[in-house]
Amino acid sequence: MKTDRKLWIILAVVVAGAFLILGFFGREVYRQAPPIPKRVVTESGLEVTSAEQILNGQQVWQSIGGQQVGSIWGHGAYQAPDWSADWLHREALALLEVWSRAESGSAYEALSAEDRDRLEGRLLRELRTNRYDPQSGTLVISDERFAATREVADHYRGLFGGDPELAGLREDYAIHDRAIEDPERLDRLTDFFFWTSWACVTERPGERFSYTNNWPHDPLVGNQPTAANVFWSVISIVLLLAAVGAFVWWYSARGKEDEAVAAPQRDPLDGFKLTPSMRAVAKYAGVVIALFVVQVLLGAVTAHYTIEGDAFFGLPIAQVLPYSLTRTWHIQTAVFWIATAFLAAGLFLAPLIGGREPRFQRLGVNVLFGALILVVAGSMTGEWLSIHQRLGLDAGFWFGHQGYEYVDLGRTWQIALYVGLILWLTLMLRALWPALRRPAESRGIVSLFTVSVVAIGLLYGAGMMYGARTHLSVAEYWRWWVVHLWVEGFFEVFATGVLAFLFSHLGLVKTASARRAFIASTAIFLVGGIPGTFHHIYFSGTPVSVTAIGAVFSALEVVPLVLIGKEALETLRLERRASWMGRYRWPIRFFVGVAFWNLVGAGLFGFLINPPIALYYMQGLNTTPVHGHTALFGVYGLLSLGLVLLLLRRLSAPRPWREGALRYSFWALNVGLGLMVVLSLLPVGLAQTWASVEEGLWFARSSEFLQQPFIENLRWLRIVGDTVFLSGVAALAWFVLGLKTGWSYRPQESAVETQTIPAVSRPIQT
């Protein structure tokens, strides 16, 4: 117990220190965010825009899908341009053209090399000089620059407003016709785009780099990697190597700890009678699979839009289901079904861990189920109305589309979901309470598992720390609390607790060993995972200190993955400990798949884009969805499916399964995901990276680059992996439906199977 006490102290210090770092440097995000000018005026005194109009433009951007229509500062969808990078480059070219025609009457391209060099030098001084006055809140721009911005604004008004001459470009960008019909909204959108690009090139007071740390790469405007960008990248790589070496040395120095135990002759879980609330969780599993099917079908449509931006194999569906909507629903339903799987696993296991069924637990489970259905249906309806411009700007934020990736649902539905999570937390705590009252030596796993339950219930509230008109840098800070800490952080701790509890109570590992491993692995994961949140916002208008912290700590997230192969092998060996473990063959295989993709998706592809110098060139390119698909589905998706299969196995015990469909589904999902990445996403992302390094991010995201024949061929190749993956989804859905209809069961071959089910039911002691 002394060892456990030390581990608890280390864990407490790690979590407290990590959140202290996250909070302290979060204060710097607020303090050093790019200013939003109260007034933007020309040198001749003409008022261009204001803070009010810029923030109105931010709401217009949110209403059409926000980060699901192109991206801002690298965050969002990958089909249309990054608007901040695109505006910046277009404005630079337009300004050079204005000067050239004013001075010589000739086009800029017709000038001599010497004259072009002279104008480009003038361009750097014009764009990079900070002419914002913090005392008055006024930004002054030259009359020539104003003329250039009007030309760019006209282009965007035509693009989003339905100009027939830009129909081909809209198809390339997968933007539906007349995405915005209100002229006032079009004007405000261009004001917002102007401000985001201004922050990308204007140097911070007293510094030689912009508010976004010189992102995006664009040599024409002087945006090159900063010294800090290179320095902290080197430090993060060196630290990673040192930490990996230290971790392996520590692991080896512990000596071999024999965690194997003599497996019981019967399945210990058979000794616990299913309670009414546990049976009520069955419908959650059905919703998980249904949402999974919907999500992958939406993903197929969204992927096809990258080739045929206004139709699906010739069917003109884009005016009803545009790219921005299908991508919103694709990502949101993924979050919904993965979260629902975790909530279901918790509700199913809580009475098992606590040893009894609290009063009205079944009622609470059913009420929560109804609330989840309401949130899913209401939020998806609101997003359709918002993207089709059927809601006002304020109503759109509250009932339609927030505009931020992964937290797209309107604020009303977000609040409803949070209330549901609080209800789930209440149901969990009241069921776990008997286990928490037991002696300290027997509740180690339960205690940390309960902490993760509380974190899941409460941390989602971070997504409500910003509003519709909150500064974009601040909104990004809090958004990643939800995406990184809530989804990637404490859901992983929760899952680790579930597996530790199950494997120890199945008699496959020693309880003390499982408890110590749970506490130690949580500490190792969170020491890098909590401050590592900052690696998502290197270039979101944040100070250099955020880059330093994000680079250093996100490198540590990779450290525990070095032994992931051993973890997978040990998990696989558990299957052979006893004959009755054959029941859990496929849940365990899914957990092994999680270990593989943890190494490849979260580790390899994650670190590919984590160092600041790598992300400087890669942010907003298809290298990001490589990591996103392999980590979100490969890790959390497979983990969720494994948990669902585990609870379905218990709900259908002792009837033996026909496992052919499950076997096919497992391999098709994993092989299909691999083909999707290797044949399409990764090659496109690496080609874009080359273009970003050579020309600039604006070019890597442009229609000129993405519509090249070889890029389109790579995108068509994705259909191979998608087809294999979809067949795996269909097989899984067929199998789960067969558990209801009966075709997924084998006939009882003998009485041997049923003899493992005791006649009496008793709680399993924790």
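Provided above is the structure to which this section pertains.
A quick note: this is a predicted structure, and the numbers were derived from the prediction, not measured. (Residues numbered from 1 in each chain as written. Predicted model: local features only at pLDDT ≥ 70, side-chain atom pairs only at ≥ 80, totals over all residues. Heavy atoms only, no water.)

**A closer look at the pattern of salt bridges**
In step 1: Under the definition given, this model contains 26 salt bridges.
In step 2: One salt bridge connects Arg-188 with Glu-184, and the closest N-O pair in it is separated by 2.6 Å. Within this pair, Arg-188 and its partner Glu-184 are both found in helix H7 (residues 183–201), separated by four residues, close to a single helical turn.
In step 3: Taking the relative accessible area as the measure of exposure, Arg-188 reaches 10% and is therefore buried.
In step 4: A relative accessible area of 43% places Glu-184 in the partly exposed class. (Salt bridge = Lys/Arg side-chain N within 4 Å of Asp/Glu carboxyl O. Helix = DSSP H or I, 4+ residues; strand = E, 2+ residues; numbered from the N terminus. Buried < 20%, exposed > 50% of the residue type's maximum accessible area, 1.4 Å probe, protein only.)

**Some points on empty space enclosed by the protein**
In step 1: For the structure shown, the criterion picks out nine cavities of 30 Å³ or more.
In step 2: If you add up the space inside the second largest cavity, you get close to 180 Å³.
In step 3: In terms of lining residues, the second largest cavity is bounded by 18 residues, among which Val-335, Phe-336, Leu-417, Tyr-460 and Trp-486 are the most central.
In step 4: Only helix H11 (323–354), helix H14 (411–436) and helix H16 (472–505) provide two or more residues apiece to the lining of the second largest cavity.
In step 5: At six residues, the largest contribution of residues to the lining of the second largest cavity is made by H11.
In step 6: The class makeup of the residues in the lining of the second largest cavity is 15 nonpolar, two polar and one charged. (1 Å grid on protein atoms, 1.4 Å probe; cavity = no way out; pocket = protein on both sides within 12 Å on 5 of 7 lines; lining within 4 Å. Points joined across faces, edges and corners; volume = space filled by probe spheres on them. Nonpolar A, V, L, I, M, F, W, Y, C, P; charged D, E, K, R; others polar.)

**Thoughts on helix H5 (residues 143–161)**
In step 1: Helix length check: H5 (19 residues) gives 26 Å between terminal C-alpha atoms against 27 Å at 1.5 Å per residue, within 8%.
In step 2: All of the buried residues in H5 are Arg-145, Phe-146, Ala-148, Thr-149, Val-152, Ala-153, His-155, Tyr-156, Gly-158, Leu-159, Phe-160 and Gly-161.
In step 3: Once H5 finishes, Gly-162 follows within two positions and takes phi at roughly 100°, a positive value. (Expected span 1.5 Å × (residues − 1).)

**Brief notes about the sheet that holds strand E2 (residues 47–50)**
The strands that make up a sheet are held in pairs by hydrogen bonds between backbone atoms, and each pair lies either parallel or antiparallel.
In step 1: Pairing in this open sheet of four strands is mixed, and the strands run E2-E1-E6-E5 from one edge to the other. Of all the strands in the sheet, just E2 and strand E5 (132–133) have a single pairing partner and so form its edges.
In step 2: Inspection of the sheet shows E5 paired to strand E6 (residues 138–141) by two bridges, in the antiparallel sense. Considered in E6, the bridge of Asp-133 is made with Thr-138. (Pairing = 2+ DSSP bridges.)

Distances and angles like these do not, on their own, reveal function.
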